[in-house]
Amino acid sequence: MRKNRSAALAAASFLLLTGAGIATAPAAHAGTPGGTHADDRNSDFNGDGYEDVLVGAPGATVSGHKGAGLVTVQYGSTRGIGTSNAARFSQSTSGVAGAAEAGDGFGKAVATGDLDGDGYDDAVIGIPGEDIDDQADAGGVAILWGSKAGLTGSASDWLQSQEPTKGEQFGLGLAAAHLTGDTPGDVLAVLDRDDLELFAYDASPQPGQAPLRRQDTQRLSAAAEERHILPKSLTTGDYDDNGYADLVVSGVTVGPEEPGHGWSMHFAGGAEGLTYKGDLRGGPAAASGDINNDGYDDLVTGEPASPDDGGETMTGGLVGVRYGTADGLGEEAKWWTQGSAGVPGNPERGDGWGADLSVADTNGDGYADVAIGAPGEDIGTVADAGAVWVLRGSENGVTATGAKSFDQDSADIPGVPEKGDKWGAQVRLSDPNNDGRFGLLAAAPGENAGDGIVWVLSAGTGGVTASGSWTYGGASLGAPGTGAAFGAAIDE
């Protein structure tokens, strides 16, 4: 239970940015070579040029407290990631704000970004089950700062809602990117059960000024056009190539009219801050990347289970792709299912196709590809064993040509499909050896009765391959593994 803001928070320099528009001035992104940095591919905690991997295990038992949670980081290198060059962090780690308590869920959400603009990316850890005073599950966020030596718990910082309330679950979703130009680092977006708050580092607060300043908050429901969208996830991408990242808040509709449909809210980044651009069909999962290599990021949304626009029950899941343009995201989406021509498999009720997504170039051809998790996919007669698809990018956008699917029954994939494994509940395309080809991390947080396992599939000139794939869990990295739900969150 966090009764008071820590001394670390008092020394922090964060400025809350909220509202329909945030006044800013264009500026270079100080910590990133080459000036402005609008993408969200920022996971290099030690600044060595190799992407690192941050994994959440929110069910882990820490200091005897079940479900307190932890995260692990594996540092990239010329050989990629392994189990030796890794570190573990929890609220029992020296310097990390707060204390490990049962049900905190430290690591249920994770994100990375260079928040202070020093050239080292930082880790942001959501703790939505954190109790604050007598407010159960009010939630909080811990920030672990990057350095030449990598992440450290020393001088970590703490964020929470201005007025914590029971069940608010602050820290339920996270993202960081260069949304505006008035801060040396990335802007941090934090979701709670109902709303969004934005934070930015203030390197030089005025004398006597509180380092964490707040402006009037505009609730997401007020920004939405004609529907109430319950937020579930965040993604960022520069959809209009203006040098500033845009923010998409994805969720599902609630209320008496058309409940349960996937919808997203689009906020454009720019010199004058975030501007609400409107609602888009698709969600609650989302990811971004340049699929057709035209210089504009594209938005991919996943709708694992909801009615379709015709009112009929959608059985297997739906993935939508909107392409970026000079004017931002296009109005029309291209929709994909397992029933689309050339896509392996067949749509079935409960597959959850599109429950998680990742977008990056798996074969180095310059076109970003799309990884799609379907944790509810049945493998033979084994219910909810899970599977993952990779659809290729091309000059014309997503294509089924060369599409692949993987599951634990595929050749060269370790393990066997078991009921409730939910393989593919988290997917991430990652390039920790910096060869320009992004391999696949596929997590099954339900594996081994809830311990959780991550599979590593490398990538070559033909894209993702199962050959040589291997697995690891929390115990492989020296962390408590039993019931940890390892892989329940992997930074995108």
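Residues numbered from 1 in each chain as written. Predicted model: local features only at pLDDT ≥ 70, side-chain atom pairs only at ≥ 80, totals over all residues. Heavy atoms only, no water.

(A) Focus on the overall build of the protein chain. A count of helical and extended segments in the protein chain gives three helices and 32 strands. Relative to its full complement of 492 residues, the protein chain shows a buried share of 60%. Of the contacts formed within the protein chain by residues at least 6 apart in sequence, a portion of 59% connects residues at least 24 apart. On the protein chain, roughly 18000 Å² of surface is accessible, and the fraction owed to carbon and sulfur atoms is 46%. (Helix = DSSP H or I, 4+ residues; strand = E, 2+ residues; numbered from the N terminus. Buried < 20%, exposed > 50% of the residue type's maximum accessible area, 1.4 Å probe, protein only. Contact = heavy atoms within 4.5 Å. Areas by Shrake-Rupley, 256 points an atom, 1.4 Å probe, with all protein chains shown as cover.)

(B) Spotlight on the packing of aromatic side chains. If you walk through the whole model with that rule in mind, you get seven aromatic pairs. For the pair W353 and W389, a centre-to-centre distance of 6.2 Å together with 85 degrees between the ring planes defines the contact as edge-to-face. Taken together, the residues span a long stretch of sequence, with W353 in the loop between β21 (334-336) and β22 (356-360) and W389 in strand β24 (residues 387-392) at a distance of 36 residues. With a centroid separation of 5.8 Å and an interplanar angle of 80 degrees, the aromatic rings of W423 and W455 are classed as edge-to-face. Taken together, the residues span a long stretch of sequence, with W423 in the loop between β25 (399-406) and β26 (426-430) and W455 in strand β28 (residues 453-457) at a distance of 32 residues. Take W423 and W455: they sit in the same class, and that class is buried. Taken together, the aromatic side chains of W470, Y472 and F486 make up a single cluster linked through ring pairs. Against the face of W336 rests K334, its NZ or CZ located 5.2 Å from the ring centre. (Phe/Tyr/Trp six-rings, centres within 6.5 Å; stacked < 30°, edge-to-face > 60°. Lys NZ or Arg CZ within 6 Å of the ring centre and 35° of its normal.)

(C) Broad picture of the sheet that holds strand β7 (residues 140-145). In space, the four strands of this open sheet follow the order β5-β6-β7-β8, with antiparallel pairing throughout. A single partner strand is all that each edge strand has here, and the edge strands are β5 (109-113) and β8 (152-159). Averaged over all pairs of adjacent strands, the angle between strand axes in this sheet comes to 25 degrees, irrespective of strand direction. Relative to β8, β7 is paired through four bridges, and the arrangement is antiparallel. Residue pairing for β8: V141 is matched across the bridge by L159. (Pairing = 2+ DSSP bridges. Axes fitted to C-alpha atoms, helices over the stretch in contact; angles between N-to-C directions.)

(D) Seen up close, the nonpolar core. In this structure, I291, V300, W336, W353, I372 and L391 are the most contacted members of the largest nonpolar core, which totals 23 residues. Those elements giving two or more residues to this core turn out to be β16 (285-289), β18 (318-322), β22, β23 (369-374), β24 and β25. V55, A57, Y472 and L477 belong to the second-largest nonpolar core, a separate cluster that totals 20 residues. (Core = buried A, V, L, I, M, F, W, Y, C linked by side-chain atoms within 4.5 Å.)

(E) Geometry of the pairing of strand β3 (residues 70-74). Of all five residues making up β3, five are buried, and the element is well covered by its neighbours. Here four bridges tie β3 to strand β4 (residues 86-89), and the two strands are oriented antiparallel to one another. Note that in β4 the partner of Q74 across the bridge is A86.

(F) Fine view of the sheet that holds β26. Pairing is antiparallel in the open sheet, where four strands are placed in the order β26-β27-β28-β31. Every interior strand has two partners, whereas the edge strands, β26 and β31 (470-472), have only one. Here the average twist between neighbouring strands, direction ignored, is 20 degrees. Bridge count for β26 against strand β27 (residues 439-444) is five bridges, and the pairing is antiparallel. In the strand pairing of β27, S430 is matched with G439.

(G) The arrangement of the environment of D491 in detail. Along the polypeptide, D491 turns up in the segment after β32 (489-490). Among the residues examined, D491 registers a relative accessible area of 3% and is labelled buried. A C-alpha to C-alpha distance of 8.5 Å links D491 and G56, two positions 435 residues apart in sequence. Residues within four places of D491 in sequence aside, it is in contact with S43, L54, V110, A111, T112 and R428. Within the structure, D491 has its side chain in polar contact with the side chain of S43 (distance 2.9 Å). One polar contact links D491 to T112, side chain to side chain, over a distance of 2.9 Å. (Polar contact = N/O pair within 3.5 Å; in protein donor to acceptor, adjacent residues only side chain to side chain.)

(H) Structural view of the pattern of salt bridges. What the rule picks out here adds up to five salt bridges. Here D194 makes a salt bridge to R193, at a shortest N to O gap of 3.4 Å. Owing to a relative accessible area of 30%, D194 belongs among the partly exposed residues under this scheme. On the basis of relative accessible area, R193 is assigned to the partly exposed category, the value being 38%. (Salt bridge = Lys/Arg side-chain N within 4 Å of Asp/Glu carboxyl O.)

(I) Examining the environment of T236 more closely. For T236, the position within the fold is in strand β12 (residues 228-237). Sequence-wise, T236 and H178 are 58 residues apart; in three dimensions their C-alpha atoms are separated by 9.1 Å.

(J) Main features of the pairing of β24. Across the six residues that make up β24, a large majority, six, are buried. With burial as the criterion, each face of β24 is covered, one bearing A387, W389 and L391 and the other bearing V388, V390 and R392. With five bridges joining them, β23 and β24 adopt antiparallel strand pairing. Residue pairing across strands places I372 opposite W389, the latter belonging to β24. As judged from the four bridges shared by β24 and β25, these two strands associate in the antiparallel manner. Its bridge partner lying in β25, W389 is registered against S405.

Note that every value here comes from positions in space, so none of it alone points to a role or purpose.
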